[in-house]
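# Analysis of the macromolecular model
Each chain, letter by letter, is given below.
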Amino acid sequence: MKKLTHIFPILLLLLFTGCGQKTIDLNKDSSFKIGKDVSYGTESDQKMDIYTPEKLAGKNIFIIIHGGGWRGGNKSQLTFFTYSLMKKFPENIFVSINYRLASSSRFALPNQTDDIESAMAHIEKRLTFKPHYILLGNSAGGHLSMLYAYRFNRNKDIKAVVNIVGPADLNDPGFKNYDDYAFLEKHLIDPNVIKSNISLMNFGSPTYWINTTSTSTLSFYGTQDYVVPLSQKRILDSALVKNNVYHESYEFNGTHTSWENEPNSSFLIDKIDLFLKKIDKK
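A short tour of the structure in this document, coming up. Note that this is a predicted model, so its numbers are computed, not measured.

## Quick notes on the environment of lysine 186
- The topology assignment puts lysine 186 in helix α5 (residues 181–187).
- Taking relative accessible area as the criterion, lysine 186 reaches 62% and is therefore assigned exposed.
- Taking the C-alpha atoms as reference points, lysine 186 and alanine 149, separated by 37 residues in sequence, lie 24 Å from one another.

So this is what it looks like as structure tokens:
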């Protein structure tokens, strides 16, 4: 603890040089320095907000990934939920990222998983310790969190995935009712990155990449979600069980966005806390 506290001023200097910063006091135990719109790449979408605690302890870094159908959304959508997490985990660093959005002229993948990797690399160069990452995302952000952890986590430094209403299997007949599914078929994945005999929808499905070394996963799905149906929870659970991957999954009452509201949001945060404590004991 003393060692981490000693390096804290250096850490702040490295993380926030050249960007606006302020301090936010969430309660008597939660005070964070905030670096807004820190660039981790050359494009306008490649920005992140970094929240560094005054009382830094431990080596967990939460990477918060917003939803928006892969072609919309902004990190600001999760600011309030991030603040709630910061109150629960006041000694951890939080990073909320924007990423390059898909369009009719730009594929989502691999740009968006590359952006997750670039953001983490940018942070890590400025740290004096090796972090353990927790990827947390909702909807498309939940999908990207799982896909990155299962497919692209080359260094095995992802401690956990927290998936909130994220599509896990793009081939699920229930998910094909998604009103933007035709866009996904054409613009989610750059076909040039697929070198093996694999379909586009398999390549983009987190469940396809699950194996016995996959990251521990905590998931939440809504009972009345008509965007990402509850069938996704059953498919994901089945794949994780088959490969003996530690996981938990929960249902909440409501639609695709009801997780943001009370009592669901407090339920999620409490489950995240318990889940991470269980992982630490393993």
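After that view, the rundown keeps rolling.
## A look at the pattern of salt bridges
- Scanning the model with the defined rule gives 15 salt bridges in all.
- In this structure, lysine 233 and aspartate 237 form a salt bridge, with 3.3 Å as the shortest nitrogen-oxygen distance. Here aspartate 237 and lysine 233 lie together in helix α7 (residues 231–242), a separation of four residues that amounts to about one turn.
- Note that glutamate 248 and lysine 278 form a salt bridge whose closest N and O atoms lie 2.8 Å from each other. Here glutamate 248 is found in strand β9 (residues 247–252), whereas its partner lysine 278 is found in helix α8 (residues 264–281), with 30 residues between them in sequence.
- When its relative accessible area of 11% is taken as the criterion, glutamate 248 is described as buried.
- Taking relative accessible area as the criterion, lysine 278 reaches 38% and is therefore assigned partly exposed.
- What emerges from the salt-bridge pattern is a single network uniting Glu43, Asp45, Arg100, Arg106 and Asp115.

## Concerning the packing of aromatic side chains
- By the definition in use, this model includes 14 aromatic pairs.
- Aromatic pair phenylalanine 62 and phenylalanine 94: ring centres 4.5 Å apart, planes at 10 degrees, arrangement stacked. Placement of phenylalanine 62 in strand β4 (residues 60–65) and of phenylalanine 94 in strand β5 (residues 93–97) is noted, with a sequence separation of 32 residues between them.
- What links up through ring pairs into an aromatic cluster is the set Phe32, Phe62, Phe89 and Phe94.
- Over the ring of phenylalanine 152 we find arginine 151; its NZ or CZ atom is 5.1 Å from the centre of that ring.
- Over the face of the ring belonging to tryptophan 209 we find arginine 151, whose NZ or CZ atom lies 4.4 Å from the ring centre.

Rules behind the numbers
Residues numbered from 1 in each chain as written. Predicted model: local features only at pLDDT ≥ 70, side-chain atom pairs only at ≥ 80, totals over all residues. Heavy atoms only, no water. Helix = DSSP H or I, 4+ residues; strand = E, 2+ residues; numbered from the N terminus. Buried < 20%, exposed > 50% of the residue type's maximum accessible area, 1.4 Å probe, protein only. Salt bridge = Lys/Arg side-chain N within 4 Å of Asp/Glu carboxyl O. Phe/Tyr/Trp six-rings, centres within 6.5 Å; stacked < 30°, edge-to-face > 60°. Lys NZ or Arg CZ within 6 Å of the ring centre and 35° of its normal.

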